[in-house]
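Examination of the molecular architecture
So you can see what is in the structure, the chains are spelled out below.
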Amino acid sequence: MAQDLLLEIGVEEMPSAYMLRALKDLENLARKNLAEARLSCGEVLTWGTPRRLCLWVKEISEEQEDSLLENRGPKKSIAIDANGNPSKAGLGFARSQGVDFRKLQIREVGGVEYLFAIKKEKGQAAEQILPGLLLKVIHSLSFPKSMTWSYYQTRFARPIRWLLAIFGDKNVEFNIENIKSANYTYGHRFLSTGALPVTSIDDYFRVLREHYVILDQAERKTMIWQQVQKVAGAAGGKAMENEELLEEVAFLVEFPTAFYGEFSPSYLAVPPEVLTTSMIEHQRYFPVYNNEGRLLPGFVGVRNGTDYCLDLVRAGNERVLKARLEDALFFWNEDSRKSLEEMSAKLKDVLFHERLGTLADKVLRLQKLALFIGQETGLSQPEKLQRSALLCKADLMSNMVYEFPELQGIMGRYYASGSAEEPEVAEAIFEHYLPRFAGDKLPSSAAGIVLSLTEKTDNLMGCFSIGIKPSGSQDPYALRRQALGLVNIILDKKLSIDLKLVFEQAYLGYEDLVLENSREDSVKELLDFVYQRMRGVLLDSGVSYDVIDAALSRPSFDLFETYNRVLKLQEFKGSPVFEDFMVVYNRVHNLSRKWESEEIDPDVLLDESEKNLYRKLPELQQEIKTSLKAQDYTRALELLAALRADVDQFFTAVMVMVEDEKLKAARLGILKSIANLFNSMADFSKIV
Amino acid sequence: MNFQELILRLHNFWGQQGCIIQQPYDVEKGAGTMNPATFLRALGPEPWKVAYVEPSRRPTDGRYGENPNRLQHYYQYQVILKPSPDNVIDLYLASLRDLGIEPEKHDIRLVEDNWESPTLGAWGLGWEIWLDGMEITQFTYFQQCGGFDCLPVSAEITYGIERIAMYIQNKESVFDIEWVDGISYADVHHQAEVDYSHYNFEAADVGALTSMFNICEEEAVRVAERQLVQPAYDYVLKCSHLFNLLDARGAISVTERTAYIGRVRNLARMVAREYLEQRKRLNYPLLKDKNLREQLIIEEEVL
């Protein structure tokens, strides 16, 4: 009869950020190893708290399925001698397989005959298999960082302290280092004492609940959010919705109890971003807002335990936050005493990258490149750009950003306003980091857009010029995100700029340094990299890959133009005349593929159909040229589709590959001329 | 509970757990980890259990005695348990209980924190331990020290005793901590905090400190070459402290910073290697368990 399996890995407090991934891996590893062991199973569930990873596999079959082993032995030519008798090698193979030599089979593999031992293996009982299988599952779990402890070799995220493993009503027995699996668990670290015996799987869930462990992370999350909202509501506010924080808190506690704490309203003088960052990043509190969306001088914390002595916990937390906010207020006041320009002067002491100079060097490059990009986009006034580029990195020298690096840009905007910089300049300082993460807003002010493009281009080009490129999952400088940001800004703001020119200009800024790659290579690689990001954007928006491939085979350095062309092609692919279009393309392209010249000697043309095409050509070429210039791709595509009747007529009436070389050349010239009209937009041979 | 009592209680608690209660080491250092009773003893196969108070210097953290939470000189209470016992967290919690902190009345959390000291070539995984939202202890399982893998792994518990005292005594400023009856932390340390802040930030002679760094570096190498392990290590500690002073003085640019850290790390590695070899030559006198010793010899032969 099929039975359920329960595994609990008891650990010292796991890093909360590892948990979701570890639980998913645990599930997958269990499935995979059971399948490989030829054991069938039902549902596979995993749960976790800071102190445990739990796996519940339902209905594992009692026995493995039988298997047929087909083991290949030596070549027949080696195993059997000329007289048809078994050789030493042949007998040896039979012996090693435990099969009588006469029962061995001969099978052909890749044209060579081999001996084969075919054996039926009876499946073993699941309870025999499970100890080894669970060990393998546990050892296969991997974490971003793992460790060893005591004298042991086993690596895990944190030390393993107990193992509970039950199959049906029996223990599954195995060891990891000095830990022997057994049928007991532990409750909440502070609300339960000693080992708790577990008699069955149902009993396990009951025991945990009784001992203040909410095992299911989803249940804890719901509990926390409900409590947080309730506590905030009781204080007359609304808690900040923050999925990431909620997730983290859910993996920091086994039994949550939310509580409200307060701080002095005097700290509200500090910018709200600073307060919320301090609450969230340092203390894992939920900030609370009033109905107008303004911060209240309070927070919601979540305790790992019940409401016993909750006032003590609240008072302690209030004191800690007070000390943090006191620091923040001190930094804010200190920083506000200096102007951004004064802070900016210190950038010469800070490296941007050890091979790419200081931040002051970077600012100089940004100033020049911003002017160039400003001109190319026609967006912003030079003085505003110069000023915002000069000041955009200055807040890195403030106490506040030193303490809270994630506030870069945000503090810059505050300090710029405080130093009486123009509003556009302050805004550009903030916006030049946008977008900071997937789904973040894009810059919207003219100077912000230009400076953001400039900043990203400079970062990308700097890295590419010294051979830093993302590989696999490694992208420490977030170059993919920055390139994607570049693409998204250009497309969203409908900017027509020649990226090649921009990148070449960006390279000039680095030219005095010792670089790995030439300008040509760096620009080319960066263009490829950026186009790769655009390909992703297009695929995500539902454009089919063949259309993208076709259009990107004719890249222009104007990203927005390429993007439009792709979209128009995709749209045209659904049009009723698309079939005509492809027929025309295939007919003219197939024959003229290897022909180079567009030259046509009209005097040798014979048939009316070819004379007709020849006469129409100049006007067609002109019209398509005009359409392309106006980026009216639909018109150009339709013009070509409309050639269907004339082209069909042509192919019905004449043979192209005739013996008369002159006539053949003229006919191919006509086809080539038409094909090139197609080729100027995309490589349509890639369309499927 | 006054500050003195707190320390005595911890001594008493860890003494009962079989720790040697050592005294602070007499060279300036940034943290209890740098005491040879941790940095050196964490290396190699010999078991070791020790607890001590370590005066710790962080020149850049000086605030002229004006900030209620920051000091350029403070105390760590350091415990090393090698190998890390299975019940190490329970032991730690029992020590809090001994200080009058009953875990069930509070919210005690173990929040992921990975410790790394680039100057010592050392790192480990563990937690910061929170008491009602305040970090009171750093808990680390040493994985590497001086660039060498730690086997067995030590558990390091570093209590921030001023913070714990502030909590227990309900004080808002570190200077208000009662050391003993009628004598506050300020009475003991405040003027020195002010003076050191002036020295660290303004008065320290950059030229002199730089030459001292170079001299100490040379001395460390020279002494290590003669296999005089702890004397060499003293000069590593001096280099580390001189570097911190130069840093506080604003005399080290970012580029130089990396280079200085690299120089100290190289010295630390060199001494760690000398220490390991010395213990081997001495035939690991602290390895008193016969079975362990035999197992180790087998493993070393395999290697």
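Basis of the calculations
- Residues numbered from 1 in each chain as written.
- Chains lettered and ligands numbered in written order.
- Predicted model: local features only at pLDDT ≥ 70, side-chain atom pairs only at ≥ 80, totals over all residues.
- Heavy atoms only, no water.
- Helix = DSSP H or I, 4+ residues; strand = E, 2+ residues; numbered from the N terminus.
- Rg over C-alpha atoms; globule rule 2.2 N^0.38 Å.
- Buried < 20%, exposed > 50% of the residue type's maximum accessible area, 1.4 Å probe, protein only.
- Contact = heavy atoms within 4.5 Å.
- Areas by Shrake-Rupley, 256 points an atom, 1.4 Å probe, with all protein chains shown as cover.
- Salt bridge = Lys/Arg side-chain N within 4 Å of Asp/Glu carboxyl O.
- Disulfide = S-S within 2.5 Å.
- Pairing = 2+ DSSP bridges.
- Core = buried A, V, L, I, M, F, W, Y, C linked by side-chain atoms within 4.5 Å.

Description of the overall build of chain B
- Counting its regular elements, chain B contains nine helices and ten strands.
- Taking 19 Å as the expected radius of gyration for a compact globule of 303 residues, we find that chain B reaches 20 Å, a close match to that expectation.
- Referenced to the eigenvectors of the C-alpha coordinate spread, the extents of chain B come out at roughly 60 × 50 × 30 Å.
- Across the 303 residues that make up chain B, the buried fraction comes to 53%.
- Within chain B, contacts between residues separated by at least 24 positions form 66% of all contacts whose residues are at least 6 apart in sequence.
- Carbon and sulfur atoms make up 49% of the accessible area of chain B, which amounts to about 12600 Å² in all.

Details of the pattern of salt bridges
Residues and elements named next belong to chain A.
- In the structure shown here, the tally under the stated rule is 63 salt bridges over all chains.
- Across the salt bridge formed by Lys493 and Asp492, the nearest N and O atoms sit 3.1 Å from each other.
- Where Asp546 meets Lys573, a salt bridge forms, and the shortest distance between an N and an O atom there is 3.0 Å. With a gap of 27 residues between them, Asp546 in helix α20 (residues 545-552) and Lys573 in helix α21 (residues 559-573) connect regions that are remote in the sequence.
- Look at Lys573 and you get partly exposed, because its relative accessible area is 25%.
- Salt bridges linked by common partners bring Asp580, Arg587, Arg644 and Asp648 together as one network.

Examining the state of the cysteines
- This model, assessed by the stated rule, comprises zero disulfides over all chains.
- Cys145 of chain B forms no disulfide, and the closest cysteine sulfur to it belongs to Cys150 of chain B, at a distance of 4.9 Å.

Structural notes on the sheet that holds strand β3 (residues 52-60) of chain A
Residues and elements named next belong to chain A.
- Judged by pairing direction, the sheet is antiparallel, and its five strands sit side by side in the order β2-β3-β1-β7-β8 without closing on themselves. The sheet terminates laterally at β2 (44-49) and β8 (170-171), the two strands that pair on one side only.
- One ladder, built from six bridges, connects β2 with β3; its direction is antiparallel. Note that in β3 the partner of Val44 across the bridge is Val57.

A few points about the nonpolar core
- Counting 135 residues, the largest nonpolar core has Met400, Phe503, Val530, Met534, Phe581, Phe678 and Phe684 of chain A as the members making the most contacts within it.
- The contact partners of Phe684 of chain A, leaving out residues within four places of it in the chain, are Leu569, Phe581, Met582, Tyr585, Leu637 and Phe678 of chain A.
- The next biggest cluster of nonpolar side chains, apart from the first, holds 92 residues, and it includes Leu55 of chain A together with Tyr92, Met134 and Ile136 of chain B.

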